[in-house]
Amino acid sequence: MKPFAFAAAAAALSFTVAGAAADALDDRKELMKERGSVMRILGPIAQGKAPFDAAAVNEGLATLDANARRAVAEVDALWPQGSDSGDTKALPAIWADFDAFKAANGKLAEATAAAASAAPQDLAAFQAAFGPVAASCGSCHETYRRP
Ligand code: HEC
């Protein structure tokens, strides 16, 4: 390959890699933002600051469950090696032990699956189902997200 062609190919390749990492940042932040928007509905209900609404609660839990399943299925694409730099709060600890990070994603998905299938019809049942979900968010952020 001529030097120019090689340089151009190398430039195109590094552009592709950087582009994939940037897409991953956008995609995972979108995923997290959807979680955040559901939590803004479910959190106040769990704390008794908003009235219990079975339809809203079950819709929110179903959304969280689909979201958490997607995070498990797409964990490699959403968190590619080296995507701890740039506009991200992801900590290098994610890639120091990626299996542990995968397990933390799995833990959330287990909690959301249990909560969604519990289909809570009153506040007490909802609080019991919601506790492990919120705890999974918090413990992962504590370990893997820059404050
Ligand atoms: C397996 C680990 C893990 C779990 C579980 C998790 N998060 Fe996150 N979350 C992260 C990481 C890491 C970031 C930083 C992402 C980045 O900046 O690239 C983040 C970022 C966020 C953000 C900020 C998004 C933005 O940039 O605007 C919100 C909101 C959020 N998470 C909400 C939640 C909620 C709510 C839950 C639980 C339902 C949850 N997360 C569960 C790891 C996790």
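What counts and what doesn't
- Residues numbered from 1 in each chain as written.
- Predicted model: local features only at pLDDT ≥ 70, side-chain atom pairs only at ≥ 80, totals over all residues.
- Heavy atoms only, no water.
- Phe/Tyr/Trp six-rings, centres within 6.5 Å; stacked < 30°, edge-to-face > 60°.
- Helix = DSSP H or I, 4+ residues; strand = E, 2+ residues; numbered from the N terminus.
- Buried < 20%, exposed > 50% of the residue type's maximum accessible area, 1.4 Å probe, protein only.
- Near = heavy atom within 4 Å.
- Polar contact = N/O pair within 3.5 Å; in protein donor to acceptor, adjacent residues only side chain to side chain.
- Donors = N, O, S within 2.8 Å, 3.2 Å for Na, K, Ca; no water.

## A word on the packing of aromatic side chains
Here is step 1: Per the counting criterion, the structure on display carries 5 aromatic pairs.
Here is step 2: Ring centres of W79 and F101 lie 4.9 Å apart, and the angle between their planes is 75°; this geometry places the pair in the edge-to-face category. In this pair, W79 sits in the loop between α3 (75-78) and α4 (93-96) while F101 sits in helix α5 (residues 98-118), placing the two residues 22 residues apart along the sequence.
Here is step 3: Relative accessible area serves as the criterion here: at 2%, F101 is assigned to the buried category.
Here is step 4: Note on F101 and Y144: the rings are 5.0 Å apart at their centroids and 80° apart in plane angle, and the pair reads as edge-to-face. With F101 in helix α5 and Y144 in helix α6 (residues 123-144), this residue pair connects regions lying 43 residues apart in the sequence.
Here is step 5: Taken together through their ring pairs, the aromatic side chains of W79, F98, F101 and Y144 make up a single cluster.

## Quick word on the site of the ligand
Here is step 1: In the vicinity of the ligand lie 21 residues, with M32, T88, C137, C140 and H141 positioned nearest.
Here is step 2: Take T88: an N or O atom from its side chain is 2.5 Å from an oxygen atom of the ligand.
Here is step 3: At 2.8 Å from a nitrogen atom of the ligand is found a side-chain nitrogen or oxygen belonging to H141.
Here is step 4: For the shell around the ligand, the elements supplying multiple residues, two or more each, are α1 (3-46), α5 and α6.

## Examining the coordination of the iron atom of the ligand
Here is step 1: For the iron atom of the ligand, the protein coordination sphere consists of M32 (SD) and H141 (NE2), at 2.0 to 2.4 Å.
Here is step 2: You can call M32 partly exposed: its relative accessible area is 28%.
Here is step 3: H141 gets classed as partly exposed once you look at its relative accessible area, which sits at 28%.

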